[in-house]
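Each chain, written out:
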Amino acid sequence: MKHRTFVPAFALLVLMAVPAFSQPTRLFDELFRTDGVGLATAAWLVESAVSPEGFVDSRDALDRLLGRPGLEAYKETAGNARLTRAEFAHIVQVAFNIPRGMFASLIPGPRYALRDLRYLGLVGKSGDPEDLISGPEALDIINRVIENGYRGRTE
Amino acid sequence: MRKVFAAFCALSFAALPAFSVDFGLTIDNTLGLAIAETATLQERLKASAWFNDSWTDEDSGIFYEFSAIGIYVLTELRPYLFDIEELRFSFRNPRAVGGSAVSSTDLGRFRFVDQTGSIMNHVSDGVTSSTDYGFLRTKFMAGYTGLQLVAESRILVSAHDFGLVYDPAEVLGSKRVFVEAGLEIPELFLRQNLSVSAFAQIDTYYLAPRHSMYAALVLDGPITSTLYYELQGVLSFFPLNQVDKQLGALILTDVNLFLPEALNSALNLNVYFSAGSYSPLTFPSLGFIFMPDPVNLLRLNIGYSMKPFAEDELVKNLGFRADLRMFAALDVGVLNGFELELGADWKIFSDLGLGLSAGFFLPTETDKIPEGRVQLFVSTGI
């Protein structure tokens, strides 16, 4: 699966700000290369973007993410299990408290979360919900979420 | 019929997840009350089952997409109507012409819109192809309108086309072949875009077919950061294949002034002026109550819209609009009348939208009576 080649501004700024060979640099490097983001890496990316303090420890990120109401279903998922586009959208919607549609409120889950994020312009219009989310696309989504002012909405 | 449709939907939805495609159902319901000498309740229910799938070829970088929409329409005129609204196969090559251009091709059934949007805007069967060189965009499209169900057809050019609509024995709409070639030069000067195109349609009706040809020029762009305009000029030759063929013209001006500081409002001025034998292929909706013939017509539209609650999460997508229209039939020199339309649209959630419109048409001709209309629109997606 080919992915977008541009580098999100958010990731670039972060890369410049952190010392070489630090944990964030290594994880960003992994993200840029991967065609399938794992749950633990997604947790670190999302929780770091949500947190007002900046980067969180990758060992704590997964616990923080799975402690959020609405994401209990992922507790049975292995940390290295790769996420689909719809699952990543669901995690982002819950973590950033992004407004839900009628059906996402009635039947919360990846299917309607992806539609809501597409409607808000946070995810590209095309692409199969069941495809694995690539690192650059995940970074692009987080970048759009921050650019659209959804950071700091967490309850 | 209902059981057959339900079974079809159930089978389709059961089978789709296995192919890992995205799918859903959209339901649009329009309830209208038309008030003239008597009041008439009108309802239109449209259920659209859609699915699409897309993938990218790793080696070539070509992006492929397949999409389909099946619709079920319930109206008083044709109680049961199942139709295919879209059955499209698309592919986009980001490295066309030696890597310097992006080319896109669409095949199948989908909405075809000509370069102006004024001549043709209709679901048909055919092909479109475009290439974007950055400094220049080329477009080609060709298709056939005759496989569209007559109840959904807005191809109304000749008396025969209108006859099809009112003949209950007819199933398919007007049968015409169309072709268009166009060029667009984006940001030619001062961010102004220029496009030129040639459009032709061939009527396949064996008795007195009425072909036509159009040449169009469109100029659009910003005047200031909040003022935008579009100017269209279309020259038409219609009917093309008869000795008494006549020249026609459409001049369309659209000006929008955006006022974000004033309750996120916008002012619009739209002038539709057609003269001579100009007749578009798709019958346009130029009014809310009064639907004038687009031939030899002057229509002025002054509109105002606003979204005053941009800060409030629940009502930030609630918008209000008002349009005042004037219609004049130029060939007979008659001012048809004035129309006022007021409306509110509220996209409550990503999958739930409401719209309410109310209008009043005041004719100036003595043999016509004033008419009113109230319309409620609800749209939801599953």
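Just so we're clear, the structure is a prediction, and the values are computed from it rather than from any experiment.

Moving on, we come to the confidence of the model for chain A. Residues and elements named next belong to chain A. Looking at chain A, the pLDDT average stands at 82 and 83% of residues meet or exceed 70. Taking the mean pLDDT of every element in chain A, the minimum, 53, falls on helix α1 (residues 9-17) and the maximum, 94, on helix α5 (residues 85-95). Between residues 1-7, whose pLDDT stays under 50, and residues either more than four places distant or in other chains, the model counts 18 contacts.

Right, let's talk about empty space enclosed by the protein for a bit. All names here are of chain B. Taken as a whole and judged by the stated rule, the model has one cavity of 30 Å³ or more. Considered as a void within the structure, the largest cavity measures approximately 30 Å³ in volume. Taken together, H160, D161, L164, G173, S174, K175, D203 and Y205 make up the lining of the largest cavity. No other element matches helix α3 (residues 159-166), which puts three residues into the lining of the largest cavity. Here the residues of the lining of the largest cavity sort into two nonpolar, three polar and three charged.

Residues and elements named next belong to chain B. If you walk through the whole model with that rule in mind, you get 18 aromatic pairs over all chains. An angle of 40 degrees between the planes, with centres 6.2 Å apart, marks the rings of Y64 and F91 as tilted. With Y64 in strand β3 (residues 63-74) and F91 in strand β4 (residues 81-95), this residue pair connects regions lying 27 residues apart in the sequence. Judged by relative accessible area, Y64 falls into the partly exposed class, the value being 22%. Residues F199 and Y214 carry aromatic rings whose centres are separated by 5.8 Å and whose planes lie at 65 degrees to one another, so their mutual orientation is edge-to-face.

Moving on, we get to the confidence of the model for chain B. With 93% of its residues at a pLDDT of 70 or more, chain B has an overall mean of 89. The ipTM assigned to the predicted complex is 0.71, against a pTM of 0.84.

This next bit is on the nonpolar core. Counting residues in hydrophobic clusters, the biggest one holds 40 residues, and the most contacted among them are L45, V46, F88, V92 and F96 of chain A. Breaking this core down by element, the ones donating at least two residues are α2 (23-33), α3 (39-50), α4 (58-66), α5, α7 (110-119) and α8 (135-147) of chain A. A total of eight residues in this core trace back to one element, the largest contributor, which is α3 of chain A. Residues contacting L45 of chain A, with those up to four places away along its chain left out, are F28, L31, F88, A138, L139 and I142 of chain A. If you look at the next biggest cluster of nonpolar residues, it comprises 20 residues, including F112, F178, F199 and V234 of chain B.

Quick look at the interface of chain B and chain A now. Many analyses report the size of an interface as the accessible area lost when the parts associate. If you look at the interface, chain B gives 25 residues, while chain A gives 21 residues. In total, about 1,800 Å² of surface goes out of reach between chain B and chain A, with carbon and sulfur atoms giving 50% of it. Per-residue buried area on chain B facing chain A is highest for D22, S350 and I382 of chain B; these three make up 26% of the total on that side. Between the two partners, chain B and chain A, sit one salt bridge. Where chain B meets chain A, there are six residue pairs in polar contact (both at pLDDT 80 or more). Element by element, the count of residues in the side of chain B that touches chain A is highest for strand β2 (residues 39-56) of chain B, at four residues. In the side of chain B that touches chain A, the residues fall into seven nonpolar, eight polar and ten charged.

Scoring rules and cut-offs
- Residues numbered from 1 in each chain as written.
- Chains lettered and ligands numbered in written order.
- Predicted model: local features only at pLDDT ≥ 70, side-chain atom pairs only at ≥ 80, totals over all residues.
- Heavy atoms only, no water.
- pLDDT = per-residue confidence, 0-100.
- Helix = DSSP H or I, 4+ residues; strand = E, 2+ residues; numbered from the N terminus.
- Contact = heavy atoms within 4.5 Å.
- 1 Å grid on protein atoms, 1.4 Å probe; cavity = no way out; pocket = protein on both sides within 12 Å on 5 of 7 lines; lining within 4 Å.
- Points joined across faces, edges and corners; volume = space filled by probe spheres on them.
- Nonpolar A, V, L, I, M, F, W, Y, C, P; charged D, E, K, R; others polar.
- Phe/Tyr/Trp six-rings, centres within 6.5 Å; stacked < 30°, edge-to-face > 60°.
- Buried < 20%, exposed > 50% of the residue type's maximum accessible area, 1.4 Å probe, protein only.
- Core = buried A, V, L, I, M, F, W, Y, C linked by side-chain atoms within 4.5 Å.
- Buried area = accessible area lost by both parts, 1.4 Å probe.
- Salt bridge = Lys/Arg side-chain N within 4 Å of Asp/Glu carboxyl O.
- Polar contact = N/O pair within 3.5 Å; in protein donor to acceptor, adjacent residues only side chain to side chain.

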